[in-house]
Amino acid sequence: MSSTVASSAKYVILGASGNTGSIIADFLLSKGEQVRVVGRDARRLQRFVRNGAEAFAADWSDAEALSKAFSGARAAYLMLPPISSREDQEQQSDAIAQAAKGSGLRYAVYLSSYGAHVPQGTGPIAGLYSSEQKLNAIGGLNVLHLRAAYFMENNLAAIGMIRGMGIFGHALLPDLKMPMIATRDVGDYAAQRLLALDFSGKQTRELLGERDLSMAEATALLARGIGKPDLRYQQFPYDQIQQALTEMGFSPQKAAVYIEMFQAINAGVIAAQEPRAPENTTPTSFEKFVQDVFAPAYRANASAA
């Protein structure tokens, strides 16, 4: 961990130990780029240090620490950590924008979400709308907002329920088709755009995954991948989902924010704005995600039980 920054890293990666940030950091390091990895836990950054990165521990809401982390860098990968509350999101996005502006950062790729064109009523995604606006207000910053689809990895949360109850239950409508993306494809896309720095001004790009899927279709693919052909999807009432989230340790406030997001997806408020095209379609199919990520996690859960 460094508290002062002396080196001249070209790239700063926020959330470098996460699903997308780790792919970006690994890719840029493999290209011989100077990379500063930023996270809240310095220990989780050590594997990047072994590959030549510089580690910097900072809290997302500490504008001063983030300013130091961004100091001297040309480009950054920016994101908010998983939501604890909307208030925290605002504090974190304030700090990131303040640091980006104060450090004279020239380029940023920001991890946003599809639906971030809507100012409110979308749960955590409203915080991404707000964060996009703050970054857009910075004069000299070229920023590319990646409005990623629903993460395929979100389905990993259902493993315990599938094992325990033999069903996949969620608040989302069974037959509503929506874009789903593998996080590795988000990381790959962001890494390529950071290496190229081929964007200017304020831009958005939706990333819509390989194809749109309904929860019923996704569940059928999970069923096949884990050898449980009888697995069915069941839509649960919002109050039941809210209770389940609080039992999982979410605060009532945080659970309510997620319920608002599920309601907005079901109502079509959160929906893709770009027509599907080669530029916003990514390679990893849901079948490949099940094979590479979900089925191994499901089997590991069994051996740990």
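See the structure above.
Computed from a predicted structure; not experimentally measured.

Scoring rules and cut-offs
- Residues numbered from 1 in each chain as written.
- Predicted model: local features only at pLDDT ≥ 70, side-chain atom pairs only at ≥ 80, totals over all residues.
- Heavy atoms only, no water.
- Helix = DSSP H or I, 4+ residues; strand = E, 2+ residues; numbered from the N terminus.
- Rg over C-alpha atoms; globule rule 2.2 N^0.38 Å.
- Buried < 20%, exposed > 50% of the residue type's maximum accessible area, 1.4 Å probe, protein only.
- Contact = heavy atoms within 4.5 Å.
- Areas by Shrake-Rupley, 256 points an atom, 1.4 Å probe, with all protein chains shown as cover.
- Phe/Tyr/Trp six-rings, centres within 6.5 Å; stacked < 30°, edge-to-face > 60°.
- Lys NZ or Arg CZ within 6 Å of the ring centre and 35° of its normal.
- Expected span 1.5 Å × (residues − 1).
- Pairing = 2+ DSSP bridges.
- Axes fitted to C-alpha atoms, helices over the stretch in contact; angles between N-to-C directions.
- Parallel < 35°, antiparallel > 145°, perpendicular 65-115°, else oblique.
- Left-handed = near helix turned anticlockwise from the far one by under 90°.
- Nonpolar A, V, L, I, M, F, W, Y, C, P; charged D, E, K, R; others polar.
- Core = buried A, V, L, I, M, F, W, Y, C linked by side-chain atoms within 4.5 Å.
- Salt bridge = Lys/Arg side-chain N within 4 Å of Asp/Glu carboxyl O.

Draft legend 1. Main features of the overall build of the protein chain. Regarding its fold elements, the protein chain presents eleven helices and twelve strands. Over its C-alpha atoms the protein chain spans a radius of gyration of 19 Å, differing by no more than 12% from the 19 Å that the globule rule assigns to 305 residues. Oriented by its inertia axes, the alpha-carbon framework of the protein chain measures out at about 60 × 40 × 40 Å. Counting every position in the protein chain, which comprises 305 residues, the buried fraction comes to 52%. Counting contacts in the protein chain only where the partners sit at least 6 residues apart, residues at least 24 apart contribute 77% of the total. By element, 50% of the accessible surface of the protein chain is carried by carbon and sulfur atoms, the whole surface being about 13100 Å².

Draft legend 2. Here's a closer look at the environment of Val143. The residue Val143 is located in strand S6 (residues 142-148) in this model. In this structure, the C-alpha to C-alpha distance between Val143 and Gly249, residues 106 residues apart in sequence, is 35 Å. In contact with Val143, not counting residues within four places along its chain, are Ala108, Tyr110, Leu135, Asn136, Phe199, Gly201, Lys202 and Gln203.

Draft legend 3. Region of the structure containing the packing of aromatic side chains. Within this structure, the stated rule accounts for seven aromatic pairs. Ring geometry for Phe286 against Phe289: centres 5.5 Å apart, planes inclined by 50°, an arrangement best described as tilted. Here Phe286 and its partner Phe289 are both found in helix H11 (residues 286-304), three residues apart, which amounts to about one turn of the helix. Phe289 matches Phe286 in its accessibility class, with the two residues each being buried. Among the aromatic residues, those joined into a ring-pair cluster are Phe286, Phe289, Phe294 and Tyr298. Between Arg40 and the ring centre of Trp60, over which it is positioned, the NZ or CZ distance is 5.3 Å. Positioned above the aromatic ring of Phe250, the side-chain terminus of Lys254 is 4.2 Å from the ring centre.

Draft legend 4. The arrangement of helix H4 (residues 86-102) in detail. Between the first and last C-alpha of H4 there are 24 Å, a value that for 17 residues agrees with the 24 Å anticipated at 1.5 Å per step. Gln89, Gln92, Ser93, Ala95, Ile96, Ala97, Ala99 and Ala100 are the residues of H4 that are buried. Next to the buried residues of H4 lie strand S1 (11-14), helix H3 (63-70), strand S4 (75-78) and helix H5 (124-136). Directly after H4, the chain includes Gly104, whose backbone phi takes a positive value near 70°.

Draft legend 5. Up close: the side chain of Thr183. The residue Thr183 is located in helix H7 (residues 183-196) in this model. Residue Thr183 is classed as buried on the basis of its relative accessible area, which comes to 4%.

Draft legend 6. Layout of the sheet that holds strand S2 (residues 35-39). The sheet built from seven strands is open, its strands ordered S3-S2-S1-S4-S5-S6-S10 with parallel pairing. Edge positions in the open sheet fall to strand S3 (54-57) and strand S10 (202-207), since each of these has one partner strand only. Averaged over all pairs of adjacent strands, the angle between strand axes in this sheet comes to 20°, irrespective of strand direction. As defined by bridge partners, S1 adjoins S4 across three bridges and the pair is classed as parallel. Note that in S4 the partner of Val12 across the bridge is Ala76.

Draft legend 7. Expanded view of unusual backbone geometry. The residue Leu197 is not glycine, and still its phi comes out positive at about 45°. Turning to its location among the elements, Leu197 is positioned in the loop between H7 and S10. Taking the relative accessible area as the measure of exposure, Leu197 reaches 14% and is therefore buried.

Draft legend 8. The packing of helix H8 (residues 215-225) against H11, seen in detail. Contact pair H8 / H11: the axes reach a minimum separation of 10 Å and the direction vectors enclose 50°. By the angle class used here, H8 and H11 are oblique. Between H8 and H11 the crossing geometry is right-handed. Two secondary-structure elements touch here, H8 through Ala218, Leu221, Leu222 and Gly225 and H11 through Phe286, Glu287, Val290, Phe294 and Ala295. Counted by class, the contact of H8 with H11 contains seven nonpolar, one polar and one charged residues.

Draft legend 9. Representation of the nonpolar core. Of all hydrophobic cores here, the largest spans 105 residues; its most connected members are Leu14, Val37, Tyr77, Leu78, Leu135, Met180 and Phe286. When residues in this core are grouped by element, the largest group, eight residues, is from helix H10 (residues 252-266). Aside from chain neighbours lying at most four places away, what touches Leu78 is Leu14, Phe70, Ile96, Ala108, Val109, Tyr110, Leu111 and Leu135.

Draft legend 10. Here's a closer look at the pattern of salt bridges. One pass over the structure, following the stated rule, counts 16 salt bridges. Ionic pairing is found between Lys134 and Glu90, a salt bridge with its closest N-O pair at 2.7 Å. Placement of the pair is Lys134 in helix H5 and Glu90 in helix H4, with a sequence separation of 44 residues. You can call Glu90 partly exposed: its relative accessible area is 23%. With its nearest N and O atoms 2.7 Å apart, the salt bridge here joins Arg276 to Asp212.

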